[in-house]
Amino acid sequence: MTLTETIENYLSHIPYPTQPEGLYEPIGYVLSMGGKRLRPTLLLLSYSLFKDDIDTALPLAIGLETYHNHTLLHDDLMDNADVRRGKPTVHKKWDANTAVLSGDAMLIMAFRHFIEARCEGKEQILELFANTALEICEGQQYDVNFERRTDVTESEYMEMIRLKTSVLLACAAKAGALAAGASPEDAGTLYRFAEKMGLAFQVQDDWLDVYGDPKVFGKKIGGDILCGKKTYLLINALNRADAAEKQRLLALLADGDMPAAEKIAAVTQIYDALGISPLTLQTIDNLYKEALAALDALSLPAERVAPLRQYAGSLLGRKS
């Protein structure tokens, strides 16, 4: 059984209560939607660097996946998103109150999964998880703040996605190591590795939304442009553009009457003129190399680390 199959099997056998009606059904609904399962997979891979009995780490992995989906319920509500993974979001299928309350219940359930795990380093892992959950709230608030600004710097953006996206991946890697009794040095190294991978993964997602193949990307391109989302590409375009270009770019983003395809093409043309695509690809490559360099510092034989290295490459479409 693959790691993904192991995770899906565990999720499908969680016995949710049936009462009160409407609280637990949305939780089962959202956790059954699938997804990449990046965080639980990363936790189990990290654990397996040091020990082979991954069943011991499964409650932690499921706790992280439950927490991640908790954030999605609230994010979708804040963004007023209609669809998640091809299905109606919880606040659309039920209502906003359900998304809030079921999301809150998922947060508590996530901590329960962590508490119930029988592994090493429980106190450290719980503290790490609690700190991470708070950092993600900080990242979400920065993201909200950025919606009202046109002067966001690249460093501010990178810190926002570090908090909103990377720290949970880093938490997964470090928690897996701690649960297996890894040294503080190796656990810290895995945190830094996953943090860099998270940054690379998010910046790549920004790039794919503009330049990706919809058949490979899994969704239509240009969504970030249409909603004026502050991405690595937009922030660097605004900071690189001269006054006239910046004014045109902001006018395009604010134009609610322009046909979608026309707006996407016009903004992409500005990105092309400013060299945003090669700049973004270089940043992704630099972050990926920094992540792999961190793995080289582990006190483990290369063959033991190979599956984690391969997984990291697969996330960014790399073969080495």
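Quick note: structure is the one above.
Please read these numbers as outputs of a predicted model, since none were measured by experiment.

Participant: How would you explain the environment of Leu73 if you had to name every residue and give the values?
Facilitator: On the secondary structure map, Leu73 appears in helix 4 (residues 58–79). Accessibility expressed as a relative area gives 3% for Leu73, which makes it buried. Along the sequence, Leu73 and Gly103 sit 30 residues apart, while their C-alpha atoms lie 5.9 Å from each other. Once residues within four sequence positions are removed from consideration, Leu73 is found in contact with Val30, Val90, Ala99, Ser102, Gly103 and Met106.

Participant: Please set out the side chain of Asp209 residue by residue, giving values where relevant.
Facilitator: Position of Asp209 relative to the elements: it lies in helix 9 (residues 184–211). With relative accessibility at 3%, the residue Asp209 sits in the buried group. Within the structure, Asp209 has its side chain in polar contact with the backbone nitrogen of Gly223 (distance 3.2 Å).

Participant: Break down helix 4 for me, citing the residues and quoting the values.
Facilitator: With 22 residues, helix 4 should cover 32 Å at 1.5 Å per step; its first-to-last C-alpha distance of 31 Å lies within 8% of that length. Most of helix 4 sits inside the fold, with 18 of its 22 residues counted as buried. Residue Asn80 follows helix 4 closely and has a positive phi angle near 55°.

Participant: Explain the pattern of salt bridges to me, using residue names and the numbers behind them.
Facilitator: Under the counting rule described, the total for this entry stands at 15 salt bridges. Asp82 is paired through a salt bridge with Lys92; the nearest N and O atoms lie 3.4 Å apart. Taken together, the residues span a long stretch of sequence, with Asp82 in the loop between helix 4 and strand 1 (83–84) and Lys92 in helix 5 (residues 90–93) at a distance of 10 residues. On the accessibility criterion, Lys92 (42% relative accessible area) is partly exposed. In this structure, Arg112 engages Glu116 in a salt bridge whose closest nitrogen and oxygen atoms are separated by 3.9 Å. Residue Arg112 and its partner Glu116 are both found in helix 6 (residues 96–116); the two are separated by four residues, about one turn of the helix.

Calculation criteria
Residues numbered from 1 in each chain as written. Predicted model: local features only at pLDDT ≥ 70, side-chain atom pairs only at ≥ 80, totals over all residues. Heavy atoms only, no water. Helix = DSSP H or I, 4+ residues; strand = E, 2+ residues; numbered from the N terminus. Buried < 20%, exposed > 50% of the residue type's maximum accessible area, 1.4 Å probe, protein only. Contact = heavy atoms within 4.5 Å. Polar contact = N/O pair within 3.5 Å; in protein donor to acceptor, adjacent residues only side chain to side chain. Expected span 1.5 Å × (residues − 1). Salt bridge = Lys/Arg side-chain N within 4 Å of Asp/Glu carboxyl O.

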